[in-house]
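Chain by chain, the residues run as shown.
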Amino acid sequence: MTVDLDWENLGFSYHKLPFRYISYFKNGQWDEGQLTEDATLHISESSPALHYGQQAFEGLKAYRTKTNEIQLFRPDKNAQRLQKTAERLLMPKVSTEKFIDAVKKVVKANADFVPPYGTGATLYLRPLLIGVGDVIGVKPATEYIFTVFAMPVGNYFKGGLAPTNFIVSEDYDRAAPYGTGAAKVGGNYAGSLLPGQTAHSEGYSDVIYLDPATHTKIEEVGSANFFGISKDNEFVTPLSPSILPSITKYSLLQLAEERLGLKPVEGDVPVEQLDRFVEAGACGTAAIISPIGGIQYKGKRHVFYSETEVGPVTKRLYNELVGIQFGDVEAPEGWIVKVD
């Protein structure tokens, strides 16, 4: 099939592809699952996913290499994170084997839409787990749907690897203490829409959320994780029970230590101590790495390396990570899964 897309200018938006995967959980077990061309989910109007938010999702990508192979980046970690979210929301777990098999099936079926090597674009995959069926009381569903669909995407933030500015949210929290902040559930993102829209209207890429208990420590950057490069050559990232454990962040923590010789530090990041960092960024599957030029807090702009240029350490981390994902740099053992 010849696909007529402007691969280098895709942006981050939905494209309806020919195939997706769907599996049903009924009578206490998952069926084998199958590919389907039907892009519409048919569910009961009383499904708990619609009323009570009993749903979870993941995000990962498929990459085309220079030798025209297609590969996945640490899909087992996405499977494990979905399992933890399912546990938190009393949903049946999708095994790692089933998860990776579903992802591979979708990638292979839509292989023509995996962007060519060198365009910077990727095939984004969205696994979704939802509670369905005829339930109206506040209780777990008895039936579930696990589905995976895909679309080719470009950069999440306009401009790609270029510094942008963020503003600290002083009026909104991303999650509640001891809530579902560490789970990848839709409610966390629904609550971020208003503060995000406000930030955009004021010329910022997104908001910086502080810890919900004390409002003194940085937790997340919109829908991504925060990291800072300190003057003492440390790779610093927040640690909190209400932060989503980013696969990209933990990959960068390892690469920063093993490949760049930085000291990995996961702990408190007081917002009043931004001057300890010479570079900063947001990281995640969709964003990859988005350099932070400056952070607006209480009427003052703290600028890191530059508002127009990417810092050298951030650039090296980006090149290392993206090089691994596209097969140009040797990956740590177990990080890459080939799609045969």
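Parameters at a glance
Residues numbered from 1 in each chain as written. Predicted model: local features only at pLDDT ≥ 70, side-chain atom pairs only at ≥ 80, totals over all residues. Heavy atoms only, no water. Buried < 20%, exposed > 50% of the residue type's maximum accessible area, 1.4 Å probe, protein only. Helix = DSSP H or I, 4+ residues; strand = E, 2+ residues; numbered from the N terminus. Polar contact = N/O pair within 3.5 Å; in protein donor to acceptor, adjacent residues only side chain to side chain. Contact = heavy atoms within 4.5 Å. Axes fitted to C-alpha atoms, helices over the stretch in contact; angles between N-to-C directions. Parallel < 35°, antiparallel > 145°, perpendicular 65-115°, else oblique. Left-handed = near helix turned anticlockwise from the far one by under 90°. Nonpolar A, V, L, I, M, F, W, Y, C, P; charged D, E, K, R; others polar. Lys, Arg positive; Asp, Glu negative; His and termini not counted. Salt bridge = Lys/Arg side-chain N within 4 Å of Asp/Glu carboxyl O. Core = buried A, V, L, I, M, F, W, Y, C linked by side-chain atoms within 4.5 Å. Domains from an automatic or database assignment. Buried area = accessible area lost by both parts, 1.4 Å probe.

### Digging into unusual backbone geometry
Line of reasoning, step 1. In the Ramachandran plot, Asn233 falls in the positive-phi region, its phi being about 60° despite a non-glycine side chain.
Line of reasoning, step 2. Relative accessible area serves as the criterion here: at 47%, Asn233 is assigned to the partly exposed category.
Line of reasoning, step 3. Residues other than glycine seldom take positive phi values, yet Ile288 does so here, at roughly 60°.
Line of reasoning, step 4. Within the element layout of this structure, Ile288 appears in strand β16 (residues 288-297).

### Concerning the side chain of Ser251
Line of reasoning, step 1. Within the fold, Ser251 resides in helix α6 (residues 247-258).
Line of reasoning, step 2. Within polar-contact distance, the side chain of Ser251 engages the backbone oxygen of Ile247 at 2.8 Å.
Line of reasoning, step 3. Look past the residues within four positions of Ser251 in its chain and what remains in contact with it is Phe73, Arg74, Leu321 and Trp335.

### What to know about the packing of helix α2 (residues 75-88) against helix α3 (residues 96-109)
Line of reasoning, step 1. Orientation of α2 relative to α3, taken along the N-to-C sense of each, is 125°, at an axis distance of 9 Å. Relative to α3, α2 is oriented oblique. Pair α2 / α3 crosses with right-handed handedness. Taking contact as the criterion, the partners of Pro75, Asp76, Asn78, Ala79, Gln80, Leu82 and Gln83 in α2 are, on α3, Thr96, Phe99 and Ile100.
Line of reasoning, step 2. Its residues placed into classes, the contact of α2 with α3 shows five nonpolar, four polar and one charged.

### A few points about the side chain of Asp211
Line of reasoning, step 1. By the element assignment, Asp211 lies in the loop between β10 (206-210) and β11 (218-221).
Line of reasoning, step 2. Comment: no salt bridge for buried Asp211; closest opposite-charge side chain is Lys217, at 4.5 Å.
Line of reasoning, step 3. For Asp211, the side chain forms a polar contact with the side chain of Thr214, separated by 2.6 Å.
Line of reasoning, step 4. Ignoring any residue separated from it by four or fewer positions in sequence, one finds Asp211 in contact with Thr216, Lys217 and Glu219.

### Points about the nonpolar core
Line of reasoning, step 1. Among the nonpolar cores identified, the biggest contains 39 residues, and Phe99, Val107, Leu125, Leu129 and Phe146 are the most heavily contacted of them.
Line of reasoning, step 2. Listed by contribution, the elements that provide at least two residues to this core are β1 (20-26), β5 (60-64), β6 (70-73), α2, α3, β7 (122-132) and β8 (143-153).
Line of reasoning, step 3. Beyond its immediate sequence surroundings of up to four residues, Leu129 is in contact with Trp30, Gln54, Gln55, Ala56, Leu82, Ala86, Met91, Pro92, Val94, Tyr144, Ile145 and Phe146.

### Section: the environment of Ala121
Line of reasoning, step 1. By the element assignment, Ala121 lies in the loop between α3 and β7.
Line of reasoning, step 2. Judged by its relative accessible area of 1%, Ala121 falls in the buried class.
Line of reasoning, step 3. Spatially, the C-alpha atoms of Ala121 and Arg64 are 9.1 Å apart, while their sequence positions differ by 57 residues.
Line of reasoning, step 4. Here Ala121 is in contact with Trp7, Leu10, Pro115, Val153 and Phe326, once residues within four sequence places are set aside.

### Observations concerning the domain arrangement of the protein
Line of reasoning, step 1. Splitting the protein by domain gives domain 1 (20-153) and domain 2 (164-326).
Line of reasoning, step 2. Using C-alpha coordinates to define each centre, domain 1 is positioned 26 Å away from domain 2.
Line of reasoning, step 3. Every contact between the two is made by 25 residues of domain 1 and, on the other side, 21 residues of domain 2.
Line of reasoning, step 4. Overall, the association of domain 1 and domain 2 removes approximately 1,800 Å² of surface from exposure, summing both partners, and the carbon and sulfur fraction of that is 61%.
Line of reasoning, step 5. Where domain 1 touches domain 2, the interface holds zero salt bridges.
Line of reasoning, step 6. Joining domain 1 to domain 2, the criterion identifies 10 residue pairs in polar contact (both at pLDDT 80 or more).
Line of reasoning, step 7. Elements supplying a minimum of two residues to the side of domain 1 that touches domain 2: β4 (55-57), β5, β6, α2 and β7.

### Details of the pattern of salt bridges
Line of reasoning, step 1. Enumeration according to the criterion identifies 10 salt bridges in this entry.
Line of reasoning, step 2. For Glu320, the salt bridge goes to Arg259, with nearest N and O atoms at 2.5 Å. Taken together, the residues span a long stretch of sequence, with Glu320 in helix α7 (residues 312-325) and Arg259 in the loop between α6 and β14 (263-267) at a distance of 61 residues.
Line of reasoning, step 3. By relative accessible area, Glu320 is classed as buried at 17%.

### Topic: the packing of α6 against α7
Line of reasoning, step 1. Between α6 and α7, the least distance of the axes is 10 Å, while the angle of their chain directions is 115°. Put simply, α6 runs roughly perpendicular to α7. Once α6 is placed against α7, the crossing between them reads as right-handed. Contacts from Thr248, Ser251, Leu252, Leu255 and Ala256 in α6 reach Leu317, Glu320, Leu321 and Ile324 in α7.
Line of reasoning, step 2. A class-by-class count of the residues in the contact of α6 with α7 yields six nonpolar, two polar and one charged.

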